[in-house]
Amino acid sequence: MGDLPTGTQYDMHGMTGQAAAMGQGVALLCPLFFAGDIATGRLVLPFPGLVLHTGSAYWLAYSEKRAGEPKIQAFRDWILSEVNACAGQCGMMVA
């Protein structure tokens, strides 16, 4: 491999997205986290529908004994609804 170009690099997803939105370059981002910026045109999806699945995931963890508690079910339902709403705005599907 040849030498890679050097430049500013950020190790925080939010800072990377903000820098790209301010015109500082391009970024590989999860569109779910930047749906607002995409909706307003601050960020654009150059290849709509093209998504890289990295195998990374977020997990909602709770005790199996408490799985049936109304407040846990309500939170789980709410967070899934929010994620699916964001995914829909970006033209993605969430399992």
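See the structure shown above.
The rules we used
- Residues numbered from 1 in each chain as written.
- Predicted model: local features only at pLDDT ≥ 70, side-chain atom pairs only at ≥ 80, totals over all residues.
- Heavy atoms only, no water.
- Helix = DSSP H or I, 4+ residues; strand = E, 2+ residues; numbered from the N terminus.
- Buried < 20%, exposed > 50% of the residue type's maximum accessible area, 1.4 Å probe, protein only.
- Contact = heavy atoms within 4.5 Å.
- Areas by Shrake-Rupley, 256 points an atom, 1.4 Å probe, with all protein chains shown as cover.
- Salt bridge = Lys/Arg side-chain N within 4 Å of Asp/Glu carboxyl O.

## Describing the overall build of the protein
And step 1. For the protein, the helix and strand inventory stands at three helices and zero strands.
And step 2. A buried classification covers 14% of the 95 residues belonging to the protein.
And step 3. Considering only contacts in the protein between residues 6 or more positions apart, those separated by 24 or more positions represent 30%.
And step 4. Per element, the accessible surface of the protein, about 8100 Å² overall, is 60% carbon and sulfur.

## With respect to helix α1 (residues 13–21)
And step 1. Every buried residue of α1 is accounted for by T16, G17, A19, A20 and A21.
And step 2. Following α1 by one or two positions, G23 has its phi on the positive side, about 85 degrees.

## Topic: the pattern of salt bridges
And step 1. Taken as a whole and judged by the stated rule, the model has three salt bridges.
And step 2. In this structure, R42 and D37 form a salt bridge, with 2.8 Å as the shortest nitrogen-oxygen distance.
And step 3. For the salt bridge of D77 with R76, the shortest nitrogen-to-oxygen distance reads 3.7 Å.
And step 4. Residue classification places R76 among the partly exposed positions, given a relative accessible area of 25%.

## A few points about the environment of F33
And step 1. Counting through the fold element by element, F33 comes out in the loop between α1 and α2 (35–40).
And step 2. A residue is classified by how much of its surface remains accessible, and F33, at 47% relative accessible area, is partly exposed.
And step 3. Taking the C-alpha atoms as reference points, F33 and H13, separated by 20 residues in sequence, lie 9.0 Å from one another.
And step 4. For F33, the residues in contact, after removing those within four places along its chain, are H13 and Y58.

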